[in-house]
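Geometric and topological summary
In case you want the letters, here they are:
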Amino acid sequence: MAKYAGHQSSIKKAVFVYSPEQLDYKFSDTHPFNQKRLELTVDLLTSISALDPKDIVTLRTATDEELLLGHDIRYINAVKMAGHGHLTEKQGEPFGIGTEDTPIFPNMHEASAKIVGGTLTACDYVMQEKSQHALNLGGGLHHGFKGRASGFCIYNDSTVAIKYMQKKYNARVLYIDTDAHHGDGVQWSFYDDPNVCTLSIHETGRYLFPGTGAVTERGSGQGYGTAFNFPIDAFTEDESFLDVYKTALREITTYFKPDVILSQNGADAHYFDPLTHLYGTMNIYKEIPKLAHELAHEFCNGKWIAVGGGGYDIWRVVPRAWSLIWTEMTDQPTPTGKLPQAWLDKWQKESPVPLISTWMDPENLYDPIPRKAEITERNAQMLEKALYTLHHDKS
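As a starting point, this report considers the structure included with it.

The rules we used
Residues numbered from 1 in each chain as written. Predicted model: local features only at pLDDT ≥ 70, side-chain atom pairs only at ≥ 80, totals over all residues. Heavy atoms only, no water. Helix = DSSP H or I, 4+ residues; strand = E, 2+ residues; numbered from the N terminus. Expected span 1.5 Å × (residues − 1). Pairing = 2+ DSSP bridges. Right-handed = clockwise from strand over helix to strand, strands pointing away. Buried < 20%, exposed > 50% of the residue type's maximum accessible area, 1.4 Å probe, protein only. Arc of directions from axis to C-beta. Contact = heavy atoms within 4.5 Å. Disulfide = S-S within 2.5 Å. Core = buried A, V, L, I, M, F, W, Y, C linked by side-chain atoms within 4.5 Å. Axes fitted to C-alpha atoms, helices over the stretch in contact; angles between N-to-C directions. Parallel < 35°, antiparallel > 145°, perpendicular 65-115°, else oblique. Left-handed = near helix turned anticlockwise from the far one by under 90°. Nonpolar A, V, L, I, M, F, W, Y, C, P; charged D, E, K, R; others polar. Salt bridge = Lys/Arg side-chain N within 4 Å of Asp/Glu carboxyl O. Polar contact = N/O pair within 3.5 Å; in protein donor to acceptor, adjacent residues only side chain to side chain. Phe/Tyr/Trp six-rings, centres within 6.5 Å; stacked < 30°, edge-to-face > 60°. Lys NZ or Arg CZ within 6 Å of the ring centre and 35° of its normal.

The terminal C-alpha atoms of helix α5 (residues 108-127), which comprises 20 residues, lie 29 Å apart, in line with the 28 Å expected from a rise of 1.5 Å per residue. Just downstream of α5, Glu129 is the residue with a positive phi angle, here 55°.

What follows is the structure, encoded as structure tokens:
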């Protein structure tokens, strides 16, 4: 019997939204944001026969009308002009484009609109009950703002998707963000909206871009008490990360009672990630989708959409981490043991670092952290403070 059987057994369990066109979202050959990780992940899943071609659905391009759900027309027009060589870096500056983080590249509007279209495709599959779950690993660009690009993100597909689900399906949405960077663009878009709850667990902004995501950011007006932030200390390891994640997510989902879960799955809390200072291993990426999956069935009739996000060790971390979302979504056994030798041989030729040959990380990946007890204690205190609005009367 399937893990999550029930009256929905006649619909597809999950769809995998993917097209090689998602690789067109490319700033440069040397930029840390590299969508080649999508190709590596798809190839890995195919190598272990976990991804069937019939589960792959192609994406569409988001229309301007859809992009306007989350962005200004002046900004959209600036992105279009930039991608066709009609906007100087100086003109792009107020829009956050042409910067070191988010440089101009050819056809950037078209590539970005396809990323958004992939997430909207995932939403329609789930909300129309064509499938219980949907995965668009090309999405998760959570730093994009209404009128400005930021942190490698041009259009914010999650913001647009949530507005889209509100407008088209009148949905109450729980957004979960486990990227090491704060999900600022999504949070601020719904800061005063009582029907969207945002939960972000991230490395504290004391050390890391974008510098926001304090526990005191709880929402405003009607939305007060629907923004939750869990800024964990640098050098946080698996056990403390998962304690915060599991406690926070279960309590918040029980409190908010969403119609649908949208989870952003940045894979940059890993020890190997070059842009962050967390000490996660593959253990967290095995557990993160498990709880989201469980709660989607418990509260949302199975409705769960997952997107990608950060992840800058594209060779050793992202393909393994993201593969585990799909195997969990489709009730397949969690892969263990060695990665396929053919996959390792194929990609080692290109990889600048020796690939990890097993699904889980080797023991003793890093030297013991001398401040482990202190970090764990600080994170526990932060968790208590962040959940204050749940444990006390908000009036």
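Another point: the sheet that holds strand β4 (residues 173-177). Ordered by their spatial adjacency, eight strands build an open sheet running β2-β1-β3-β8-β7-β4-β5-β6, and the pairing between neighbours is parallel. Each of the sheet's edge strands pairs with one partner strand only, and the pair in question is β2 (56-57) and β6 (227-232). Of the pairings in the sheet, the one linking β4 to strand β7 (residues 260-264) comprises five bridges and is parallel in character. Note on β7: the bridge partner recorded for Val173 is Val260.

A word on the pairing of strand β1 (residues 12-17). Judged from the four bridges that link them, β1 and strand β3 (residues 131-136) form a sheet pairing that is parallel. When the sheet's bridge partners are listed, Val15 is paired in β3 with Ala134. Inspection of the sheet shows β1 paired to β2 by two bridges, in the parallel sense. Across the sheet, residue Val17 finds its bridge partner in β2, namely Val57. The parallel pair β1 and β2, bridged by helix α1 (residues 36-47), forms a crossover whose chirality is right-handed.

Turning next to helix α3 (residues 73-83). If you check which residues of α3 are buried, you get Tyr75, Ile76, Ala78, Val79, Ala82 and Gly83. Axial view of α3: buried residues confined to an arc of 160°, hence all on one face. Against the buried residues of α3 lie α2 (64-67) and α5. Downstream of α3 by one or two residues, Gly85 has phi in the positive range, about 80°.

The subject of this paragraph is the state of the cysteines. All chains considered together, the criterion is met by zero disulfides. Free cysteine: Cys123, not disulfide-bonded; nearest cysteine sulfur from Cys300 at 13 Å. As a non-bridged cysteine, Cys197 has Cys300 as the owner of its nearest cysteine sulfur, 11 Å distant. Residue classification places Cys197 among the buried residues on the basis of a relative accessible area of 0%.

A word on the nonpolar core. Grouped together as the largest cluster of nonpolar side chains are 72 residues, with contacts concentrated most on Phe16, Phe230, Phe241, Tyr245 and Ile252. Among all residues touching Ile252, those that are not within four sequence positions of it are Leu174, Cys197, Leu199, Phe228, Phe230, Leu387 and Leu390. If you look at the next biggest cluster of nonpolar residues, it comprises 52 residues, including Tyr25, Phe95, Ile154 and Val160.

Turning our eyes to something else, we now look at the pairing of β4. Each regular strand displays side chains that alternate between the two surfaces of the sheet. β4 sits mainly inside the fold: five of its five residues count as buried. Here β4 shows two buried faces, one formed by Val173, Tyr175 and Asp177 and the other by Leu174 and Ile176. Pairing between β4 and strand β5 (residues 196-203): five bridges, direction parallel. Following the sheet pairing, Ile176 is matched in β5 by Leu199.

The next subject is the packing of α1 against helix α11 (residues 341-348). Packing of α1 against α11 brings their axes to within 9 Å, and their N-to-C directions diverge by 155°. Compared by their axis directions, α1 and α11 come out roughly antiparallel. For the pair α1 and α11, the crossing hand works out as right-handed. In contact with Lys36, Glu39, Leu40, Asp43, Leu44 and Ser47 of α1, α11 contributes Trp343, Lys346 and Trp347. Taken together, the residues of the contact of α1 with α11 sort by class into four nonpolar, one polar and four charged.

Take the pattern of salt bridges next. Pairing is possible between side chains of opposite charge, provided their charged atoms come close. Going through the model one piece at a time under the given rule, you end up with 22 salt bridges. For Lys12, the salt bridge goes to Asp55, with nearest N and O atoms at 3.0 Å. Taken together, the residues span a long stretch of sequence, with Lys12 in strand β1 and Asp55 in the loop between α1 and β2 at a distance of 43 residues. Taking the relative accessible area as the measure of exposure, Asp55 reaches 14% and is therefore buried.

A word on the side chain of His182. Summarising the element assignment, His182 is placed in the loop between β4 and α7 (184-189). Residue His182 is classed as buried on the basis of its relative accessible area of 1%. From its side chain, His182 meets the backbone nitrogen of Gly213 in a polar contact 3.3 Å long. Among all residues touching His182, those that are not within four sequence positions of it are His142, His143, Gln187, Ser200, His202, Pro210, Thr212, Gly213, Glu217 and Asn229.

Moving on: the packing of aromatic side chains. Evaluation of the coordinates by the stated rule reveals 19 aromatic pairs. Seen from their ring centres, Tyr25 and Phe27 are 5.3 Å apart, and the 75° between their planes marks the pair as edge-to-face. Ring centres of Tyr25 and Phe33 lie 5.5 Å apart, and the angle between their planes is 70°; on these two criteria the pair is classed as edge-to-face. Residue Phe33 is classed as buried on the basis of its relative accessible area, which comes to 3%. Joined through ring pairs, the aromatic side chains of Tyr25, Phe27, Phe33, Phe105, Phe152 and Tyr312 make up one cluster. One cation-aromatic arrangement involves Arg316 over Phe272; the distance from NZ or CZ to the ring centre is 3.8 Å.

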